[in-house]
Amino acid sequence: MLVVKEVLTKVHLVRRGRILFLLLLITFHSYATTEQLSFRDAFDKSMQLANEQRYNESLIILNTLFSAVPTLRIHLELGRVHFLTGNYAESLQIFTKILEDKLLPYPVRQTVLVYLDTINETKGRWDFNIGLTATKNPKLQPKTGIYNIFGIPLEYQNTDEETYFGFTNNLSFSRILNDSTSFNLGLQYTSYFNRISEDTVVYSDLLIQNVLHQKLSYIPFVQARQTESDESILFGNVIRYEIPYSQSILLPELEVSSTDVSEGSGSDGLKSGIGLRFFSFPEQDFSSETTLKIERYAMEKILEDRNTLRISHRRKLTPISSALEGTVSISLAEYDEIDGFWGKERKDEVGQINLEYCFQRKVFSRNPCLGYTFLHRESSIKFYSAKQDSVFIRLR
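No experiment lies behind these values; they were computed from the predicted model shown. (Residues numbered from 1 in each chain as written. Predicted model: local features only at pLDDT ≥ 70, side-chain atom pairs only at ≥ 80, totals over all residues. Heavy atoms only, no water.)

Engineer: If you had to explain the nonpolar core to someone new, which residues and values would you point to?
Structural biologist: Counting residues in hydrophobic clusters, the biggest one holds 25 residues, and the most contacted among them are Leu-62, Leu-65, Phe-95, Ile-98 and Val-112. Of all the secondary-structure elements, those providing two or more residues to this core are helix H2 (32-51), helix H3 (55-68), helix H4 (72-85), helix H5 (88-99) and helix H6 (106-123). At 6 residues, H2 tops the list of elements feeding residues into this core. With near-sequence residues (within four places) excluded, Phe-95 lies in contact with Leu-76, Gly-79, Arg-80, Val-112, Tyr-115, Leu-116 and Ile-119. (Core = buried A, V, L, I, M, F, W, Y, C linked by side-chain atoms within 4.5 Å. Buried < 20%, exposed > 50% of the residue type's maximum accessible area, 1.4 Å probe, protein only. Helix = DSSP H or I, 4+ residues; strand = E, 2+ residues; numbered from the N terminus. Contact = heavy atoms within 4.5 Å.)

Right, dumping it as structure tokens:
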């Protein structure tokens, strides 16, 4: 077991403060089986030392092994252990080098990207995407026609059927504050060229993990929104529990939030909800996220009290050459009835499909993407059904 003796001797010398550089030579001859076993024992020893948080000793073994046999597994562990020591510059350099391999297996690539994102967020990461959009019926107005309102046929004339062309910009900043807390701040802005119309959303949240329990998280958040006709601010709190399951994660959550409307037709009130998120990361070229949420709205305007069921499914395909993302969502609202007021059962049903295709070749260090969104709303609250189509191109 010559290899293990050499490596362990080196670790012993480091403990005494004497730094020596050894080159581990592994040759494949008649003793190949014995040498491979020694190599494996040395690698296992480095992993044991890392688990014991003896990172410097683990790095000595890994560097020695990588000098002799530069395998992907050893290279990955070098990046990981440097990350654990807080040497983010070296870890970043190693993981960036690994990503240059075009044949890198998808699960490995995803793992490396998680480390890179975490490294960037420890420093504070800015991200943005910009694009152009063409939206038909952005205000979800009904078509011109005759509508039966309170049993009376009334004619409605839609005077805003023109397609809106606009500019979109999403800007976000995220930073990991410590081992259990991270901070996010974002801005979403859309401005239309051929209409005096803007839509601005500013949001912020704080993710606090390991609250009372290792897998319990607390997320306070705030969101402010300003459109052509509405201004509102939303304060909320989410408690989330993480349940690992095979290659998936199950996230039950509880949300309580309040809305303050300063202008527009909306209503102040409270929202409470229970939800379930399911993330799947199989060893294939796709991942998926499914969300099921039941919400209760208690609003100041009596006619706005309602229960809502939201279901969405997002599937992301990531082959080497391109990426396709698809999302399908459904929202079903049931409003509290006032006997005899409407004369019919009230509903508000919204279905949406979003498809986006991103090219791997970068432009200005961003991936160009083409997308399409279709939204259909059936509502007896505002007495109409409406459709909305959007086509966009952006760099992300």
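After that view, the rundown keeps rolling.
Engineer: Can you tell me about the pattern of salt bridges, naming the residues and giving the values?
Structural biologist: Within this structure, the stated rule accounts for 17 salt bridges. Close ionic contact of Lys-97 with Glu-100 constitutes a salt bridge, the shortest N to O distance being 3.5 Å. The partner of Glu-253 in a salt bridge is Lys-293, with the nearest N and O atoms 4.0 Å apart. Remark: Lys-293 occurs in strand E12 (residues 286-299) and Glu-253 occurs in strand E10 (residues 248-263); sequence separation between them is 40 residues. As far as the burial class goes, Glu-253 and Lys-293 line up, both buried. Through salt bridges with shared partners, one network takes in Arg-240, Glu-253, Glu-255, Lys-271, Arg-277, Glu-289, Lys-293, Glu-295 and Arg-310. (Salt bridge = Lys/Arg side-chain N within 4 Å of Asp/Glu carboxyl O.)

Engineer: Can you tell me about the state of the cysteines, naming the residues and giving the values?
Structural biologist: Under the defined criterion, the tally for this structure stands at 1 disulfide. Paired by a disulfide, Cys-358 and Cys-369 hold their sulfur atoms 2.1 Å apart. Sign of the S-S torsion, about 105° for the bond between Cys-358 and Cys-369, identifies this disulfide as right-handed. Remark: Cys-369 occurs in strand E16 (residues 368-379) and Cys-358 occurs in strand E15 (residues 348-359); sequence separation between them is 11 residues. Residues Cys-358 and Cys-369 agree in their burial class; the two are buried. (Disulfide = S-S within 2.5 Å.)

Engineer: I'd love a proper account of the packing of aromatic side chains, names of residues and values included.
Structural biologist: Summed over the entire model, instances satisfying the criterion amount to 6 aromatic pairs. On the basis of an interplanar angle of 85° and a centroid distance of 5.0 Å, the ring pair of Tyr-164 and Tyr-192 is categorised as edge-to-face. Here the residue Tyr-164 occupies a position in strand E4 (residues 163-178), and Tyr-192 occupies one in strand E5 (residues 181-192), the gap between them amounting to 28 residues. Take Tyr-164 and Tyr-192: they sit in the same class, and that class is buried. (Phe/Tyr/Trp six-rings, centres within 6.5 Å; stacked < 30°, edge-to-face > 60°.)

Engineer: I'd like a description of the packing of H4 against H6, backed by residues and values.
Structural biologist: At a minimum axis separation of 12 Å, H4 and H6 run at an interaxial angle of 20°. Comparing the axis directions of H4 and H6 gives the class roughly parallel. Where H4 crosses over H6, the handedness of that crossing is left-handed. Packed against H4, whose contacting residues are Leu-72, Leu-76, Arg-80 and Phe-83, the element H6 presents Val-108, Val-112, Tyr-115, Thr-118 and Ile-119 at the interface. Across the contact of H4 with H6, the residue classes tally to 7 nonpolar, 1 polar and 1 charged. (Axes fitted to C-alpha atoms, helices over the stretch in contact; angles between N-to-C directions. Parallel < 35°, antiparallel > 145°, perpendicular 65-115°, else oblique. Left-handed = near helix turned anticlockwise from the far one by under 90°. Nonpolar A, V, L, I, M, F, W, Y, C, P; charged D, E, K, R; others polar.)

Engineer: Would you mind going over the pairing of E5 in detail, with residue names and values included?
Structural biologist: When E4 meets E5, the two strands line up antiparallel, connected through 12 bridges. Looking at the pairing, Phe-173 lines up with Leu-185 of E5. Relative to strand E6 (residues 198-208), E5 runs antiparallel, the two being bridged by 11 bridges. Across the sheet, residue Gln-188 finds its bridge partner in E6, namely Val-201. (Pairing = 2+ DSSP bridges.)

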